[in-house]
Amino acid sequence: MCGIVGGFSCREDDLLRNRARAALGLLSHRGPNDRGLDALKIGAGELVFGQTRLSVIDLSERARQPMYSADGQLLLIFNGEIYNYRELRHELEKLGCQFRSESDTEVLLQAWWIWGEAALPRFIGMFAFVLLDRRTGRLHGARDAFGIKPLYYHAGQQGLCFASEVPALQALRGGRPELDWQVAYDYLVHGSYDTGESTFFRDVRALPPGHCFSYDLAAGELALRSWWKPRIAPIQSLSLDDAAHELRRLLLDSVRLHLRSDVPLGAALSGGLDSSAIVACMRHLEPDAPLHTFSFVASGSALSEEQWIDLVNDQAGATPHKIEIAPQELAADLDDMIVAQGEPFGSTSIYAQYRVFRLAREHGMVVTLDGQGADELCGGYVGYPGPRVRSLVEQGHWGQAASFLWSWRAWPGRSAVEGMKAAVAEYTGEDVYQWLRRLNGGHAAPAWLDAAALKESSVSLRFPHPRPVAAAPGRRLCAELARSLHGVGLPGLLRHGDRNSMRFSVESRVPFLTTALADFLLTLPEEYLVAPNGETKHLLRRAMRGLVPDEVLNRRDKIGFATPERDWLMQMAPQVRDWLRHPLGLPFFRQDEVLRAFDQVVAGQRPFSWQVWRWINFTRWHAQQFGG
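All figures in this text were calculated on a predicted structure; none of them were measured in a lab. (Residues numbered from 1 in each chain as written. Predicted model: local features only at pLDDT ≥ 70, side-chain atom pairs only at ≥ 80, totals over all residues. Heavy atoms only, no water.)

Points about the overall build of the chain
Now for step 1: Each helix and strand counted, the chain has 26 helices and 17 strands in total.
Now for step 2: Residue burial in the chain is summarised as follows: out of 628 residues, 60% are buried.
Now for step 3: For the chain, long-range pairs separated by at least 24 residues make up 73% of all intrachain contacts whose partners lie at least 6 apart in sequence.
Now for step 4: Looking at the chain as shown, the accessible area adds up to about 24300 Å², and 50% of this sits on carbon and sulfur atoms.
Now for step 5: The average position of the 68 basic charges and that of the 73 acidic charges among the side chains of the chain differ by 3 Å. (Helix = DSSP H or I, 4+ residues; strand = E, 2+ residues; numbered from the N terminus. Buried < 20%, exposed > 50% of the residue type's maximum accessible area, 1.4 Å probe, protein only. Contact = heavy atoms within 4.5 Å. Areas by Shrake-Rupley, 256 points an atom, 1.4 Å probe, with all protein chains shown as cover. Lys, Arg positive; Asp, Glu negative; His and termini not counted. Charge placed at Lys NZ, Arg CZ, Asp CG, Glu CD.)

Following this line, the structure appears as structure tokens:
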């Protein structure tokens, strides 16, 4: 696990090398064990490759980066892990490859030498890498299928630069960053972020999940393409029991690979089904190994998961480590967490995760396993009622659709009205959707924004309306799950996990997120994922019987690393006012109106919502990045 940074300038440039050193300094938390930087003359230009290393596989100097092929024609910097590196190495050795290290980095390098881009689907892992091929005069880069590991880039007339995190990229680019007003608006008003290539910074792009690029050093041309997309067809004809058996086999196999490590390893445990399944699989695979779990508990709150955490730890024979949080701790850590995340984020639950990773590192863990991705692959959250109803209707099953909605609304946190809204939204056009959102009390241009200033800068002031994904009749739910892997939802969660874990030099692994599991789960009948009675993760619950405690499998609620956000922020009201008062100098952001609205929330005259956190997060982040 590492931080990587690099760039190509069309001319030899000492400034590029100096900036690269500064950028590496900003990535030291991602790799505290080693650092490497190489500069190469390429034609009339110059290439720099740098890496900071968190040693996890092969701790020796033989695994140092940047790493050259034996003949010096390939040069690689790599962030991530290739979990099936031993199997790939064995295959490559049969093809005549010789290895100098025991690292997965060298396996990646040799695999590219033999197979080129065709190597990407062979990798089971999380990765972001850039490779120079001197034979073709091109840079090649790729990001793993789900975007677990980050890669940002900027392409301009003078060349290309890239990095694991935006601040490092900005240091490499030089100059003053500029805010992307559209992204800022979408976040502040709608809570939407990390939904595509755009970032909060103009001219800084995120390489999309499952994509690779090629950059012609001579022509200065960048080409992106997708190397993996989730598929939802053809539909498998397995019985429910056979599907559960296969899911159990696939998940255990994935966890087995994810346990490969040369450093101490533990698990993040929220108490929910997903993280409990990972802990149970770890114990099943290694019955006698020491197992440490790390959890956030909100004692005295209805959001506390402690009883479920204790249940899982007792059954697994794990050593528990728990953290409780006071509001003043959030205030003390806020700026550091915002720096770590790099861009604004959705709620204070990210702080609970931040503290869990700090706790893991304090107890000597370098690697943790996490249940992220199960909701998107197994039909979690509230069960995607709109797409599921549409699937049933398209198949002519009107009675089943009505029965599903009736059963669905009986689960905690749901209502018949919300179910109907979700179903209706599947069929509404853009104008009708916008009208319905306004009718429901939504405001696309609240009083604390200057709508005229935003429109003058061509910012679209509309409610986000992801259109239903094109899919065969009866596959709307699976199509929506597939979209959530690369669109709204998972990318933001993966960003939170990557930045929070790497802030404390911890490698967070997510065994649910493999292409084998995705291609299996998303090609099953939809009722295997969300049951006719509205039960979410129906197949996963069945697959984990006998491993996860029945009490957890039978839970009807979903909490996760949820925090008592309202209580925290209301207790911090004086500090929050000071933060919101800090002058940002943004023409579209009316801070006096923000303060007025916040005071109304404190006085009980306005309902509390996640909007409060977004005001706080944005103002603190903007002050850090732009000095406002």
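Now that the structure has been shown, we can carry on.
Thoughts on helix α7 (residues 273–285)
Now for step 1: Here α7 spans 18 Å end to end across 13 residues, near enough to the 18 Å set by a 1.5 Å rise per residue.
Now for step 2: Most of α7 sits inside the fold, with 11 of its 13 residues counted as buried.
Now for step 3: When α7 is considered as a whole, its buried residues turn out to be L273, D274, S275, S276, A277, I278, V279, A280, C281, M282 and R283. (Expected span 1.5 Å × (residues − 1).)

Examining the nonpolar core
Now for step 1: With 108 residues, the main nonpolar core has F129, L521 and M544 as its most contacted residues.
Now for step 2: No fewer than three residues from each of domain 1 (2–226) and domain 2 (232–429 + 465–563) sit in this core.
Now for step 3: With 83 residues, the next largest nonpolar core counts W181, V459, M570 and L584 among its residues. (Core = buried A, V, L, I, M, F, W, Y, C linked by side-chain atoms within 4.5 Å. Domains from an automatic or database assignment.)

Details of the UniProt feature "binding site: L-glutamine" (unreviewed entry) in the chain
Now for step 1: The sites that carry the UniProt feature "binding site: L-glutamine" (unreviewed entry) are, in the present numbering, D104.
Now for step 2: Mapped onto the elements, D104 comes out in helix α3 (residues 104–115).
Now for step 3: Residue class for D104 comes out buried when judged on its relative accessible area of 4%.
Now for step 4: Contacts of D104, omitting those with residues within four sequence positions, involve I57, F78, G80, E81, I82 and Y85. (UniProt positions renumbered as here; feature names shortened; annotations may be inferred.)

Some remarks on the sheet that holds strand β8 (residues 152–156)
Now for step 1: Taken together, the six strands give an open sheet; going across it, the order is β2-β3-β1-β9-β8-β10, and neighbouring strands pair in antiparallel fashion. Every other strand in the sheet has two partners, leaving β2 (34–42) and β10 (205–206) as the edge strands with one partner each.
Now for step 2: In terms of strand pairing, strand β1 (residues 2–9) meets strand β3 (residues 45–53) through eight bridges, oriented antiparallel. By the bridge assignment, G3 is partnered in β3 with T52.
Now for step 3: Against the sheet, helix α4 (residues 166–173) contacts β1, β8 and β9 (159–163), and its axis sits at roughly 150° relative to β9. (Pairing = 2+ DSSP bridges. Axes fitted to C-alpha atoms, helices over the stretch in contact; angles between N-to-C directions.)

Section: the packing of helix α9 (residues 327–341) against helix α26 (residues 611–626)
Now for step 1: Viewed as axis vectors pointing N to C, α9 and α26 meet at an angle of 75°, and their least axial separation amounts to 10 Å. As judged from the angle between their axes, α9 and α26 are roughly perpendicular. Taking contact as the criterion, the partners of L334, D335, M337, I338 and V339 in α9 are, on α26, W613, I616, N617, R620, W621 and Q624.
Now for step 2: Looking at the contact of α9 with α26, its residues break down into seven nonpolar, two polar and two charged. (Parallel < 35°, antiparallel > 145°, perpendicular 65-115°, else oblique. Nonpolar A, V, L, I, M, F, W, Y, C, P; charged D, E, K, R; others polar.)

Thoughts on the domain arrangement of the chain
Now for step 1: Looking at the assigned domains, one finds that the chain contains domain 1 (2–226), domain 2 (232–429 + 465–563) and domain 3 (565–627).
Now for step 2: Here the C-alpha centre of domain 3 lies 37 Å away from the C-alpha centre of domain 1.
Now for step 3: For the pair domain 1 and domain 3, the two sides together bury roughly 1200 Å², of which 72% comes from carbon and sulfur.
Now for step 4: When residues of domain 1 are sorted by the area they lose upon contact with domain 3, L179, Y187 and L188 head the list and together hold 48% of the total.
Now for step 5: Taken together, the connections running from domain 1 to domain 3 amount to zero salt bridges.
Now for step 6: The interface formed by domain 1 and domain 3 holds six residue pairs in polar contact (both at pLDDT 80 or more) in total. (Buried area = accessible area lost by both parts, 1.4 Å probe. Salt bridge = Lys/Arg side-chain N within 4 Å of Asp/Glu carboxyl O. Polar contact = N/O pair within 3.5 Å; in protein donor to acceptor, adjacent residues only side chain to side chain.)

Focus on the environment of S458
Now for step 1: Here S458 is to be found in the loop between α16 (451–456) and α17 (476–486).
Now for step 2: C-alpha of S458 to C-alpha of W181: the two residues are 277 residues apart in sequence and 9.1 Å apart in space.

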